[in-house]
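# Structure assessment
Below are the chains, spelled out letter by letter.
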Amino acid sequence: MNHTKNNSIINSPCISLENVTISYKNSPAVRNIYCEMPRGKVTAFIGPSGCGKSTVLRSINRMNDLIDGCSLTGRVLFEGVDLYAPEVDPVEVRRRIGMVFQQPNPFPKSVYENIAFGARINGYTGDMDELVEMSLKKAALWDECKDKLKESGCSLSGGQQQRLCIARTIAIEPEVILMDEPCSALDPISTLKIEETMHDLKKSYTIIIVTHNMQQAVRVSDMTAFYNAEKQSGGSGKLGYLVEYNETSKIFNSPSQKATQDYISGRFG
Amino acid sequence: MNRRESEIRYKLRKRTASERTLDNGFKNFSLGMASIVAILLFSILIVIFRGSIESIAKYGLSFLITSDWNPVDDAYGAFTAIYGTLITSIVALLIAVPLGVGTAIFITENIIPKNIRSILSVMVELLAAIPSVVLGLWAIFIMEPFLRPFLISINSFLGWLPIFNTTPVGPGVAPAIIILAIMILPIITSISRDSLNQVPNKLREGAYAIGASRWPTIFNIILPAAISGIAGGVLLALGRAMGETMAVTMIIGNSNNFSWSIFAPGNTIAAMLANQFGEADGNQVSSLMYAALILMILTLVVNVFAQLIVKRLRLKY
Ligand SMILES: Nc1ncnc2c1ncn2[C@@H]1O[C@H](COP(=O)(O)OP(=O)(O)O)[C@@H](O)[C@H]1O
Ligand SMILES: [Mg+2]
């Protein structure tokens, strides 16, 4: 799975979903997703609640494996390798594809340990103090936290906790960072800070972000995927699908689908 | 909707007198119930203390470190029973804690399919429902004869250690330890299971998302987050082990001759009280009261000590 970042393959996708259908307890939640996410860019998933954005996102680092009864058909390729092939170890997948959740979930340990724990289990051999400082700086948290390294990560404010979760994710140097509505529980100032962080991060990482905030999608993303849900023919639930996927400017300026147009102009959702 | 309409639709905007009385009444009722607990505890302590004054005056602290128990000579010392109480409960804990917490982890983390997990869970609760006298009988007739060959071989290999240096011949401290471990296992398991279930799933996900595999997640994140609940269960189990009477009396041998060996017959404070109160009089009653006081203080000390440990270990989330 090693890759070199030269120009010839920069156009080849980092992650591609090929006809992915994900079901909970045998009833599908999203169907037939085809999507290729470019390396070193930010891809945003938008769409109304319950259309399966989180479900798709979580399938990319095999987080859905932890949910009883969740199954996937189709292929999820990371650098050309099928992540669901039997010989692939989900733990390794998550070491290379990190995730930041909707609810900040720092470990009930010190700020320092929150970062050091992941580094240690990933076999980090360098200087731990240096890594902690660098990760916190990258997540724009160092100035606020440098005197609180010994305090519990849970004693920080919500925005700081979320940046701590980002710091702990980048500390393990994944190649891809998945973010599931990372700002939905935060105030506007923390949100801006996290967006700034993302701008810095996209120089070195591929980022996929789910967001409910369309201005945010415009501000941070290069590519946007719009998901929608339709009433399931037989059952009572809804079934999500990918309506449209394109460059962010195209999606927001000249969408090709009417549903996309309606959604971004706030006519439904 | 205008204001008048809403006044009509909610006729309880003002708190009525009866509602207020009910609130106050409930508060006082809870206060009363809580005080009853405190009053009970204190009156038990006072009664036991008064009953033991005679013996305390006569034997003083040497009661704690001598092991004669001789009604004919009026010589009493509780060391055998104190040692028995401590060794049985502590070793039983050492056996039951890893087993119980391990079982709880096994039940809560999705290591095995869900239906097997729930069957296991029910079986653990059923274990708690077996009356201790039944366990005692089982210990005498089945467990002890079955275990004896193993205990004998431990004795022949490790007999140079003081705690193994007598030959197992029947009832003794070791079978009592095992029966205690069995009795406290369900307490530890079910309380640990409940506190592990309380750990928010987002912590688990957070650990997996940075590439932690199952064991680091369990040992570094989940267990520390649940430790105060688990420790509470262990404490409860320790209390049960120190005070357990029936099953222990049936299998421990009830001997006041002191021996370091867990293969020899011994005694615990609770077993001694149960055995001797019926026919005791005079100084012996007072000495038994003294022993009971020691048991209460031991339990108290262990509790306070454990609370301190829990406070230091606990992770807040
Ligand atoms: N753990 C789960 N178990 C069963 N169904 C789920 C689970 N998580 C999500 N779903 C279902 O999958 C659908 C998509 O959910 P989700 O991916 O969370 O949507 P979104 O993130 O777009 O709001 C919803 O209908 C939801 O009910
Ligand atoms: Mg979601």
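Here is a short report on the structure shown in this document. Quantities reported herein were computed from a predicted structural model and do not represent experimental measurements. Numbering of residues starts from 1 in every chain and runs along the sequence as written. Key to labels: chains lettered from A, ligands numbered from 1, both in the order written. Totals for whole chains, interfaces and linings use every residue, but because this is a predicted model, local features are given only for residues with pLDDT of at least 70 and side-chain atom pairs only at 80 or more, for both listing and counting.

## So, the overall build of chain B
What counts is decided by this rule: The helix and strand labels rest on DSSP assignments: H or I over at least four residues marks a helix, E over at least two residues marks a strand, and numbering proceeds from the N terminus. For this measure, only C-alpha atoms enter the radius of gyration; the expected value for a globule follows 2.2 Å times N^0.38, where N is the number of residues.
Counting its regular elements, chain B contains twelve helices and two strands. Moving toward the C terminus, one meets the helices and strands of chain B in the order α-α-α-β-β-α-α-α-α-α-α-α-α-α. In terms of overall size, chain B is more extended than a compact globule, its C-alpha atoms giving a radius of gyration of 26 Å where 317 residues would be expected to give roughly 20 Å. Its C-alpha atoms give chain B principal-axis dimensions of roughly 90 × 55 × 35 Å.

## A look at the overall build of chain A
Heads up, the condition is: Buried means a residue has 20 or more other C-beta atoms within 10 Å of its own C-beta, exposed means 12 or fewer, and partly exposed covers the counts in between; C-beta atoms are placed from the backbone. Contact criterion: two residues are in contact if their C-beta atoms, reconstructed from the backbone, are within 7 Å.
What chain A contains, in helices and strands, is eleven helices and ten strands. What you see for chain A is a C-alpha radius of gyration of 19 Å, in line with the 18 Å of a compact globule of 269 residues. Projected onto the principal axes, the alpha-carbon positions of chain A cover approximately 55 × 45 × 40 Å. Split into buried and exposed, the 269 residues of chain A put 45% on the buried side. Within chain A, residue pairs in contact and separated by at least 24 positions form 70% of the contacts whose partners lie at least 6 positions apart.

## Topic: the interface of chain B and chain A
Note: interface size is frequently given as the accessible area lost on complex formation between the parts. Taken together, the 19 residues of chain B in the interface contact 24 residues of chain A. Of all elements in the fold, only helix H8 (201-209) and helix H9 (214-243) of chain B reach the threshold of two or more residues within the side of chain B that touches chain A. Here the element with the most residues in the side of chain B that touches chain A is H8 of chain B; it accounts for six residues.

## So, the pairing of strand E6 (residues 97-100) of chain A
All names here are of chain A. Under the convention used in this document: By definition, two strands form a pair when at least two bridges between them are found by DSSP.
Side chains Ile-97 and Met-99 of E6 all project onto a buried face; the interleaved residues Gly-98 and Val-100 project onto the opposite face, where all are buried too. Taken together, the four bridges between E6 and strand E7 (residues 176-180) define a ladder with parallel strand orientation. Bridge pairing in E7 places Met-99 opposite Leu-178.

## Some words on the site of ligand 1
Let me state the cut-off plainly: We call a residue near a molecule or strand if the C-beta atom, set from the backbone, is within 6 Å of it.
Near ligand 1 lie 13 residues; those nearest to it are Tyr-24, Ala-29, Lys-53, Ser-54 and Thr-55 of chain A. With three residues, helix H2 (residues 53-60) of chain A is the largest single contributor of residues to the shell around ligand 1.

## Some points on unusual backbone geometry
All names here are of chain A. A positive phi angle, near 50°, is found at Lys-25, a position not held by glycine. Assignment of secondary structure puts Lys-25 in the loop between strand E1 (13-24) and strand E2 (27-38). Residue classification places Lys-25 among the exposed positions, given that 10 C-beta atoms sit within 10 Å. Positive phi is not limited to glycine here, since Arg-62 has a value of about 55°. With respect to the helices and strands, the residue Arg-62 is situated in the loop between H2 and strand E4 (70-78).

## What about helix H4 (residues 111-121) of chain A?
Within H4 of chain A, nine of the eleven residues are buried, leaving the element largely enclosed by the surrounding structure. Of the residues making up H4 of chain A, those classed as buried are Val-111, Glu-113, Asn-114, Ile-115, Ala-116, Phe-117, Gly-118, Ala-119 and Ile-121 of chain A. Taken together, the buried residues of H4 of chain A touch helix H5 (128-138), helix H6 (142-145) and helix H7 (158-171) of chain A together with H9 of chain B.

## A word on the environment of Ser-156 of chain B
With respect to the element layout, Ser-156 of chain B can be found in helix H6 (residues 132-158). With 92 residues separating them in the primary sequence, Ser-156 of chain B and Leu-64 of chain B have C-alpha atoms 32 Å apart.

## Structural notes on helix H5 (residues 114-128) of chain B
The following threshold applies: Residue count minus one, scaled by 1.5 Å, sets the expected span of a helix.
Relative to the 21 Å expected for 15 residues at 1.5 Å per residue, H5 of chain B spans 22 Å between its end C-alpha atoms, a close match to the ideal helical length. For H5 of chain B, the buried fraction is low: one of the 15 residues fall into the buried class.

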